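# Observations on the model geometry
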Amino acid sequence: MFFDRFQSLCDSRGISVYKACTDIGLNRSAVAKWKAGGKPNGNTAGKLAAYLGVTTDFLLTGQEEPKPIVTDDDIKFALFGGDGEITDAMYEEVKQFAAFVRQREAEKKE
């Protein structure tokens, strides 16, 4: 079912289905329709897939493995300005800090 896959993808990224919808300009009623078994139209599916970093095929059918849009090298370049002196330890520290911030924000919502 589309909604289950959508929710799982959102959960794995630490966001709610409502936040994903809001971020791409949809209202909450779309979620209700999807929970009842509906699917998004092609334009909306494309926006959701891009937002979640998967193909529309995977989002709608589950038949394809999700493919990351951004690689670790892309992230390192963005964070450190392309400096060739980035170590794996430095990158791991940045990821740990990001996880800490995500957890802190999740706790604020509770």
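Reference entry: report on the structure contained in this document.

Now for the overall build of the protein. In terms of helices and strands, the protein carries 7 helices and 0 strands. Traced from its N-terminal end to its C-terminal end, the protein shows the element sequence α-α-α-α-α-α-α. Dimensions of the protein along its principal axes, counting C-alpha atoms only, are 50 × 35 × 20 Å. Counting only residues that meet the buried cut, the protein has 25% of its 110 residues in that class. In the protein, of all internal contacts separated by at least 6 residues, the share reaching a separation of at least 24 is 41%. Summing over all exposed atoms, the protein offers an accessible surface of approximately 7,400 Å²; the carbon and sulfur share of this is 52%. Across the protein, the centroid of the 15 positively charged side chains sits 11 Å from that of the 17 negatively charged ones.

Further remarks concern the packing of aromatic side chains. Within the structure shown, the criterion is met by 5 aromatic pairs. When the centroid spacing of 5.7 Å and the interplanar angle of 5° are considered together, the rings of F2 and F6 count as stacked. One end of the pair is F2 and the other is F6, both in helix α1 (residues 2-12) and 4 residues apart, which spans about a single turn. For the residue pair F2 and F6, the accessibility class agrees, reading buried in each case. Through pairs of rings, three or more aromatic residues link up here, namely F2, F3, F6 and W34. Across the ring face of Y18, the terminal group of R28 is positioned such that the distance to the ring centre comes to 4.1 Å.

The next thing to look at is the side chain of K76. With respect to the helices, strands and loops of the structure, K76 is situated in helix α6 (residues 72-80). Owing to a relative accessible area of 17%, K76 belongs among the buried residues under this scheme.

Further remarks concern the pattern of salt bridges. Per the counting criterion, the structure on display carries 5 salt bridges. For the salt bridge of K95 with E92, the shortest nitrogen-to-oxygen distance reads 2.9 Å. In this pair, K95 and E92 are both assigned in helix α7 (residues 88-109), 3 residues apart and thus about one turn of the helix distant. One continuous salt-bridge network, built from bridges that share partners, spans R104, E105 and K108.

Here the focus is the environment of F77. Residue placement: F77 occurs in helix α6. Owing to a relative accessible area of 55%, F77 belongs among the exposed residues under this scheme. For the pair F77 and F6, spaced 71 residues apart in the sequence, the C-alpha separation amounts to 29 Å.

To continue, consider the nonpolar core. Counting 19 residues, the largest nonpolar core has F6, C10, W34, L48, L52, V54 and L59 as the members making the most contacts within it. Sorting the residues of this core by element identifies α1, α2 (17-23), α3 (29-35), α4 (42-52) and α5 (56-61) as the ones contributing at least two each. Broken down by element, this core gets its largest block of residues, 5 residues, from α1. Filtering out sequence-adjacent residues up to four positions away, L52 remains in contact with F6, L9, C10, R13, I15 and L59.

Definitions and cut-offs
- Residues numbered from 1 in each chain as written.
- Predicted model: local features only at pLDDT ≥ 70, side-chain atom pairs only at ≥ 80, totals over all residues.
- Heavy atoms only, no water.
- Helix = DSSP H or I, 4+ residues; strand = E, 2+ residues; numbered from the N terminus.
- Buried < 20%, exposed > 50% of the residue type's maximum accessible area, 1.4 Å probe, protein only.
- Contact = heavy atoms within 4.5 Å.
- Areas by Shrake-Rupley, 256 points an atom, 1.4 Å probe, with all protein chains shown as cover.
- Lys, Arg positive; Asp, Glu negative; His and termini not counted.
- Charge placed at Lys NZ, Arg CZ, Asp CG, Glu CD.
- Phe/Tyr/Trp six-rings, centres within 6.5 Å; stacked < 30°, edge-to-face > 60°.
- Lys NZ or Arg CZ within 6 Å of the ring centre and 35° of its normal.
- Salt bridge = Lys/Arg side-chain N within 4 Å of Asp/Glu carboxyl O.
- Core = buried A, V, L, I, M, F, W, Y, C linked by side-chain atoms within 4.5 Å.

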